[in-house]
Amino acid sequence: VKGAASGLDRALEALLTLGVLLSGTCLALGLWRDNPALLKWGLLLLMWTPVARVLMVTAALLWERDWAFAAISLWILGVLAGSLHVAGFL
Amino acid sequence: MLGHSIALYVLLGAGTGLLGALLGLGGGVFLVPILTVGLGLPIRVAIAASLISVIATASASATVNLRRGLVNLRLGLLLEVATSVGGLAGALTSALLTQRQLFLSFAATLGVMSLVMMQRAGRRNVIQDDGADPGRLGGRIREGERDYLYRVKRLPLAMGSSLVAGAISGLLGLGGGIIKVPVLSAFCGIPIKVAAATSTFMIGVTAATSAFINYSRGDLNQQIAAAVCLGALPASLLGARLSQRVEARALKVLMALVLFVVGARMAFEGL
């Protein structure tokens, strides 16, 4: 079963692959060498990957002038920003 | 590492990541009870590790599902709004319900959903693609040599279930896919593979919202979370690929079984 992947789907796939590969490498090396700094970076990279993904979707929807869904995406970004603020990252 | 080896956590992450990616659940619904009841970890440590593992499962399986065009991005965004409001509502209303009432009502919901999934396992959500408009939220999929289209039905119900999923997510530390996927598939006309791909895609965002707060509170045990993720990442890729080969009917029956088992466990904890 498959559908038609759009240009945005491809870009998101590339972004997620990058995030997963980088964080996976940091986590594997961190565990192997018992290195807390690498573990921390691996976990943070993984946690930031969905944020980067929402940013990319929002930018693409704004670019496509799909205002209704861009507004929805901005709302989700706002919720994430609220969480980052409470956590002290913003 | 709290008395258990890294390999055990890697294996646990792999098992829950595989099932999570296969059914469009984050995997937290399996991981949290195993870590707490099975391995005796404190609930906060278990939830923090589970949320990170859900992000790993969501991100890895999305790479496969996006390439296959199975993620319905606009539907996912719309449902995520309801989920985020539900998360807030769950946090605000948690004081109104006792833990026992919460577990029992959740168990009853899952029990009913399990029966509905079994009853509708043979039902198809797609129709032959005759060039008709699938609507703004619908879509097209290809199965073998044939093209099909699906339309989203009962959108208010889909939004309502996402709201409840968000509330459950906030209250019990789960991703919410265990509510969303069955409702979308059984009542809203969405093929189970699209429902699973879309749910997994959005669950990563839901989990990230809570994960940052857990991280800043110091709930995260880095070694445990890293080991669980290392298992979940490759297993989720495998689960997402496998999900495309398994028949939709088999996935629905597996989902019904999972709903029943998780519901029974919740009832047991509530009684």
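Fair warning: this is a prediction, and the values are worked out from it, not measured in the lab. (Residues numbered from 1 in each chain as written. Chains lettered and ligands numbered in written order. Predicted model: local features only at pLDDT ≥ 70, side-chain atom pairs only at ≥ 80, totals over all residues. Heavy atoms only, no water.)

### Examining the packing of aromatic side chains
Right, on to step 1. Scanning all chains against the criterion turns up four aromatic pairs over all chains.
Right, on to step 2. When the centroid spacing of 6.3 Å and the interplanar angle of 80° are considered together, the rings of tryptophan 48 of chain A and phenylalanine 89 of chain A count as edge-to-face. Within this pair, whereas tryptophan 48 of chain A is found in helix α2 (residues 36-63), its partner phenylalanine 89 of chain A is found in the segment after α3 (67-86), the two being separated by 41 residues in sequence.
Right, on to step 3. For tryptophan 48 of chain A, a relative accessible area of 32% corresponds to the partly exposed category.
Right, on to step 4. Taking 6.0 Å as the distance between ring centres and 40° as the angle between the ring planes, the aromatic pair formed by phenylalanine 89 of chain A and tyrosine 215 of chain B counts as tilted. Residue phenylalanine 89 of chain A is found in the segment after α3, and its partner tyrosine 215 of chain B is found in helix α8 (residues 192-217); the two belong to separate chains.
Right, on to step 5. Given the relative accessible area of 28%, phenylalanine 89 of chain A is considered partly exposed. (Phe/Tyr/Trp six-rings, centres within 6.5 Å; stacked < 30°, edge-to-face > 60°. Helix = DSSP H or I, 4+ residues; strand = E, 2+ residues; numbered from the N terminus. Buried < 20%, exposed > 50% of the residue type's maximum accessible area, 1.4 Å probe, protein only.)

### Remarks on the layout of surface pockets
Right, on to step 1. Each pocket or cavity is described by its volume, and for the second largest pocket that value is around 410 Å³.
Right, on to step 2. Along the wall of the second largest pocket there are 23 residues; nearest its centre are Ala4 and Asp9 of chain A together with Val71, Asn72 and Leu73 of chain B.
Right, on to step 3. Breaking the lining of the second largest pocket down by element, the ones donating at least two residues are α1 (7-32) of chain A together with α4 (73-93), β2 (139-143) and β3 (146-150) of chain B.
Right, on to step 4. Per-element tally for the lining of the second largest pocket: the top contributor is β2 of chain B, with four residues.
Right, on to step 5. For the lining of the second largest pocket, the residue count by class is nine nonpolar, six polar and eight charged. (1 Å grid on protein atoms, 1.4 Å probe; cavity = no way out; pocket = protein on both sides within 12 Å on 5 of 7 lines; lining within 4 Å. Points joined across faces, edges and corners; volume = space filled by probe spheres on them. Nonpolar A, V, L, I, M, F, W, Y, C, P; charged D, E, K, R; others polar.)

### What to know about the interface of chain A and chain B
Accessible area lost during the coming together of the parts is what is often quoted as the interface size.
Right, on to step 1. Of the residues lining the interface, 47 residues belong to chain A; the matching set on chain B comes to 49 residues.
Right, on to step 2. Buried surface at the junction of chain A and chain B, both sides included, amounts to about 4300 Å², of which 74% is carbon and sulfur.
Right, on to step 3. Along the contact surface separating chain A from chain B lie four salt bridges.
Right, on to step 4. In this structure, the salt-bridge partner of arginine 136 of chain B is aspartate 66 of chain A, at a minimum N-O distance of 2.8 Å.
Right, on to step 5. Applying the counting rule to chain A against chain B returns eight residue pairs in polar contact (both at pLDDT 80 or more).
Right, on to step 6. Where the side of chain A that touches chain B is concerned, the elements lending two or more residues are α1, α2 and α3 of chain A. (Contact = heavy atoms within 4.5 Å. Buried area = accessible area lost by both parts, 1.4 Å probe. Salt bridge = Lys/Arg side-chain N within 4 Å of Asp/Glu carboxyl O. Polar contact = N/O pair within 3.5 Å; in protein donor to acceptor, adjacent residues only side chain to side chain.)

### Here's the deal with the packing of α1 of chain A against helix α9 (residues 222-245) of chain B
Right, on to step 1. Orientation of α1 of chain A relative to α9 of chain B, taken along the N-to-C sense of each, is 130°, at an axis distance of 10 Å. In terms of orientation, α1 of chain A and α9 of chain B fall into the oblique class. Between α1 of chain A and α9 of chain B lies a crossing whose hand is left-handed. Contacts from Val20, Gly24, Leu27, Ala28 and Leu31 of chain A of α1 of chain A reach α9 of chain B at Gln223, Ala226, Ala227, Cys229, Leu230 and Leu233 of chain B.
Right, on to step 2. Split by residue class, the contact of α1 of chain A with α9 of chain B holds nine nonpolar, two polar and no charged. (Axes fitted to C-alpha atoms, helices over the stretch in contact; angles between N-to-C directions. Parallel < 35°, antiparallel > 145°, perpendicular 65-115°, else oblique. Left-handed = near helix turned anticlockwise from the far one by under 90°.)

### Looking at the packing of α2 of chain A against helix α3 (residues 43-67) of chain B
Right, on to step 1. In contact at an axis separation of 10 Å, α2 of chain A and α3 of chain B are set at 60° when each is read in the N-to-C sense. Overall, the two elements α2 of chain A and α3 of chain B adopt an arrangement that is oblique. Considering how the two elements wind past one another, α2 of chain A and α3 of chain B form a crossing that is left-handed. When α2 of chain A is examined against α3 of chain B, the residues Leu43, Leu46, Met47, Thr49 and Pro50 of chain A are found in contact with a partner set consisting of Ile52, Ile55, Ala56 and Ser59 of chain B.

### Some thoughts on the confidence of the model for chain B
All names here are of chain B.
Right, on to step 1. On average, residues of chain B score 85 in pLDDT, and 93% of them reach the 70 mark or higher.
Right, on to step 2. Of all helices and strands in chain B, the one with the weakest mean pLDDT is strand β1 (residues 127-128) (68), whereas α9 scores best (93).
Right, on to step 3. Reported confidences for the modelled complex are a pTM of 0.90 and an ipTM of 0.95. (pLDDT = per-residue confidence, 0-100.)

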